[in-house]
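# Structural overview for review
The residues making up each chain are set out below.
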Amino acid sequence: MAAPRCSRCACLLLVFIYSLYVVVISEEPTPGNEQHASVVENPQTAAETEKQPTEERRWEATQVDETVPDDAAANKQDLPVPDSVLTSTPPLKDEFQEELVIRPLHSGDIYASFQFRTVWETDFTRGSKVSHYRLFPKSLGQVISKFSVRELHISFTQGYWRTMQWGQPYLPSPPGAELWVWFQDTVTDVDATWKELTNVLSGIFCASLNFIDSTNTVEPSASFKPLGIANGTDHRFLRYATLPREIVCTENLTPWKKLLPCGSKAGLAVLLKSEKLFHSSFHSQAVHIRPVCQDEPCKTTSLELRQTLNVVFDLHASGQGKREWSLFKMFSRTLTEACPLASSSKIYIDVTDNPEEDQFELSPATHLLSQAVVLGDRRTFSVYDLTQQVTFGTVRSLNVLIRWKSTEGDMLRPLLHAERYIAGYGLQTGEIHTLMYNNHPFRSFPVLLLDSVPWYLRLYVHTLTVTSKGKDNKPSYIHYQPSKDRMRPHLLEMLVQLPPHSVTEVTMQFERALLKWTEYTPDPNHGFYVGSSVVSALVPSTVAMNTNITKEQPLFSTFFPTKEESSYFIRVYTEPLLVNLPTPDFSMPYNVICLTCTVVAVGYGSLYNLLTRSFQVEEPSPGLAKRIANVIRKMRGVPPL
C-alpha cells in the first residue's frame with residue numbers, strides 16, 4: 001500500500017513543477033507576444049494599422065505632384081504621418097472675383113457686362129492630378145485634365161453687336177456659338193480629341209456643339225494666338241469652329257450659372273434672370289480658360305477661369321416717357337449681398353462722359369472713383385464695393401438708379417469696324433464683299449483677316465481683289481487652304497495694311513454647289529449660314545497702355561494681354577451671311593408618292609380582284625305571287641312552279 005501512495009505523490013509533484021514552469025515561461029516578454037497583446041487590447045488600432053497602407057496609397061494618388069528635396073523627403077519618412085494628412089489632400093489656393101460694368105450708350109441703350117474670375121494655383125500642363133475642387137468647377141477641371149487642354153474659349157451669342165452705334169465691346173463674340181481650343185503638345189491625335197471634346201462640351205452647356213465636325217472646323221495659322229502663357233504657338237494644336245445658327249436660350253444659361261461658386265443664389269449672379277436677359281437687343285455668355293502667371297517673375301502659373309456675360313438693354317423709351325434706368329428695371333431684382341466666397345465684388349458705372357453730372361444723375365451717390373485704360377481710352381468709373389455693408393445702406397438693398405438730364409453728347413467713332421455682304425443675282429454665282437474701316441485720321445495699321453467659308457460655296461481665288469481708296473492694296477501675307485467637298489471648308493487668312501481714314505474692300509467670287517437631297521436642312525428655303533469673318537489688329541492707343549497687369553486693375557480691362565504702350569489688341573466680327581443654294585422642289589416627291597399610290601391602288605387592286613375572286617351564277621329570287629303559289633302547291637302536295 002505504501003508503494004502506490006509514494007508513486008502517486010511523485011506524479012502530483014511532477015505535475016505541479018511542470019505547471020509552475022509553464023507559467024514562468026509565459027510571463028516572459030517577447031516581441032510577438034507584445035504585438036499580439038497590443039492587438040488584443042486595442043482592436044481599433046489594429047484595424048487602422050491594416051488600413052494605413054491603403055489610405056496612404058490613396059492619398060499619394062490624389063495629391064498634386066510636386067518636387068520635394070531629398071533631405072525633406074527623408075525627414076518626412078522618419079516623422080509619423082497624422083491621420084488628417086492621410087485622409088485629405090494638400091490645400092490649393094484659389095480666389096474668386098466678380099464685377100459688373102454698366103456703360104450708358106449714346107444710342108439710349110444700356111450695356112451691362114458681368115465678369116466672374118476664378119484663379120486656381122495649379123498646373124494641369126505638368127500632369128498634376130487633383131481630386132479636390134473648392135471654387136473651380138469640377139466638370140471643367142476634369143475636361144481640361146482628360147483632353148490635355150491648354151486654353152479653351154467658348155461663347156454663345158444671340159444678336160449682333162452694332163459697333164457703329166454702341167462702340168467696341170469689352171469682350172467681342174460672333175453671333176451663334178464659337179469654340180476655339182489650344183491643346184497641349186502631348187496630344188497625338190488632335191482631330192479625334194477635338195471631336196470628343198466637342199461632344200463633352202455639348203453635354204455640359206446643353207448646346208449643339210456635337211454638330212461641329214471636319215466640315216466646319218479650321219486650323220488657323222496666324223489668328224487666335226494664345227491669350228495666356230504659351231511656350232509654343234504650333235498651330236497644329238489649334239482648332240477653331242463656329243455654329244452661326246445656334247440659338248441661345250435658358251437651357252444654355254442654367255449650366256453656365258451652375259459653374260459659379262455661389263451659383264445664382266448670392267452676389268451679382270442674382271441679377272441673371274433669364275426672362276430679362278433674353279428680352280434684350282444683344283446677349284452673349286462666354287467661358288474662357290487659360291494659364292496665367294501668379295506673380296511678375298512668372299515662375300509659377302495658375303489656371304484662370306473667366307465667365308463673362310454681356311447684355312444690351314433697349315431702355316430709350318419708357319412707359320412714362322422718361323429716359324432712366326435702374327438695376328430693378330433691367331433685371332427685376334436688386335442686390336442684397338456679395339458672394340460670400342468672393343474676395344472682391346464691385347459694380348462699375350462709366351461716368352467718363354458725365355464729369356460734372358450734367359448728363360445724368362447717379363443714385364445712390366458714391367465717393368469711390370476709379371480710372372482705367374480700356375480699349376485705348378482712359379475711362380472714369382463710379383465704384384460700388386459690395387463687400388462693404390455701407391454700400392447697401394439701412395435698407396440692406398442696392399438699386400443703382402440713373403436719371404438722365406440731357407440727351408446731348410457725341411460718341412467717339414470706333415477706330416476699326418468691319419462689315420460683310422453678298423452681291424450678285426441668281427443661284428449659280430455670287431460675290432463676297434468684306435469692308436474694313438480705319439477711322440483713325442492720320443495713322444495706318446495692319447489687320448489680320450480670317451475667313452472660313454463652307455465647302456458648298458466654291459471660291460474662285462483668282463478673283464480675289466483688295467482695294468483701298470480706289471487703288472490695289474496688296475496683302476503682305478496670304479494663307480489659303482482649299483476646301484474638300486463634304487470634308488473641310490475654305491480657310492483664307494491675309495495681312496492687310498489699312499490706310500488712315502479709309503475703307504478697304506476685299507472681294508471674291510464663288511459658285512454655289514448642288515447638294516444631295518439628304519444634305520438639305522428641314523427648312524432649305526430659309527438658306528444656309530456662313531460664319532462671321534474675324535478681323536484682329538493692334539490699334540493705336542490715345543493714351544499709354546498698361547503692360548503690367550496687377551490685381552488692382554478691373555477685370556474688364558485685363559483680358560487681352562498688352563505688350564506695347566502705344567497700341568492695344570482688338571478683335572472685330574462681321575455679320576454672318578445667309579446664302580440661298582439651288583434647292584429642289586421638295587413637294588414633287590410628295591406628289592409623285594400620292595400619284596403612284598393612287599395608280600397602284602386602282603390598277604393593281606382591280607387586277608387582284610379579278611384574279612382571286614370566284615364568280616357564281618345566282619338565280620333571281622321569285623316574286624311574291626309566285627312564292628305564295630308555291631306555298632299553296634306545297635300544301636296540296638303539288639310540285640312547286
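Residues numbered from 1 in each chain as written. Predicted model: local features only at pLDDT ≥ 70, side-chain atom pairs only at ≥ 80, totals over all residues. Heavy atoms only, no water.

### Regarding unusual backbone geometry
- Omega for the peptide link from Ser363 to Pro364 comes to -5 degrees, which places this bond in the cis form.
- Examined against the element boundaries, Pro364 turns out to sit in the loop between strand S11 (360–363) and strand S12 (369–374).
- The backbone of Cys206 shows a phi angle near 55 degrees, a positive value even though the residue is not glycine.
- Relative to the helices and strands, Cys206 resides in the loop between helix H8 (190–205) and strand S5 (217–218). (Helix = DSSP H or I, 4+ residues; strand = E, 2+ residues; numbered from the N terminus.)

### So, empty space enclosed by the protein
- Going through the model one piece at a time under the given rule, you end up with 6 cavities of 30 Å³ or more.
- If you add up the space inside the largest cavity, you get close to 170 Å³.
- In terms of lining residues, the largest cavity is bounded by 18 residues, among which Pro172, Glu178, His288, Phe559 and Tyr573 are the most central.
- Residues of the lining of the largest cavity, tallied by class, amount to 9 nonpolar, 7 polar and 2 charged.
- Each of domain 1 (95–404) and domain 2 (416–579) accounts for three or more of the residues forming the lining of the largest cavity. (1 Å grid on protein atoms, 1.4 Å probe; cavity = no way out; pocket = protein on both sides within 12 Å on 5 of 7 lines; lining within 4 Å. Points joined across faces, edges and corners; volume = space filled by probe spheres on them. Nonpolar A, V, L, I, M, F, W, Y, C, P; charged D, E, K, R; others polar. Domains from an automatic or database assignment.)

### Comments concerning the sheet that holds S12
- Taken in spatial order, the 11 strands of this open sheet run S5-S6-S4-S3-S7-S8-S2-S1-S10-S13-S12, and their pairing is mixed. The sheet terminates laterally at S5 and S12, the two strands that pair on one side only.
- Relative to strand S13 (residues 377–385), S12 runs antiparallel, the two being bridged by 6 bridges. Paired with Gln371 across the bridge in S13 is Thr380.
- Against the sheet, H8 makes contact with strand S3 (149–158), strand S4 (176–183), S5, strand S6 (238–243) and strand S7 (282–293), and its axis sits at roughly 135 degrees relative to S4, the strand it touches most.
- Contacts from helix H9 (residues 250–258) reach strand S2 (109–120), S7 and strand S8 (301–314), with the element oriented near 30 degrees to S7. (Pairing = 2+ DSSP bridges. Contact = heavy atoms within 4.5 Å. Axes fitted to C-alpha atoms, helices over the stretch in contact; angles between N-to-C directions.)

### A few points about the sheet that holds strand S17 (residues 445–453)
- The strand order across the open sheet built from 5 strands is S20-S21-S17-S24-S25, with neighbouring strands paired in antiparallel fashion. Only two strands of the sheet have a single neighbouring strand rather than two, namely strand S20 (477–481) and strand S25 (567–573). Ignoring which end each strand starts from, the neighbouring axes of this sheet average 15 degrees apart.
- In this sheet, strand S21 (residues 490–498) lies alongside S17 in antiparallel orientation, the contact comprising 9 bridges. Pairing of Ser452 across the sheet is with Leu491, part of S21.

### Let's talk about helix H6 (residues 138–147)
- For H6, every residue scored as buried is listed here: Leu140, Gly141, Val143, Ile144 and Phe147. Along the axis of H6, the buried positions cluster into a sector of 160 degrees, meaning they face one direction only.
- Where H6 is buried, its residues touch S3, S4, H8, S7 and S8.
- Just past H6, the residue Ser148 takes up positive phi, approximately 55 degrees. (Buried < 20%, exposed > 50% of the residue type's maximum accessible area, 1.4 Å probe, protein only. Arc of directions from axis to C-beta.)

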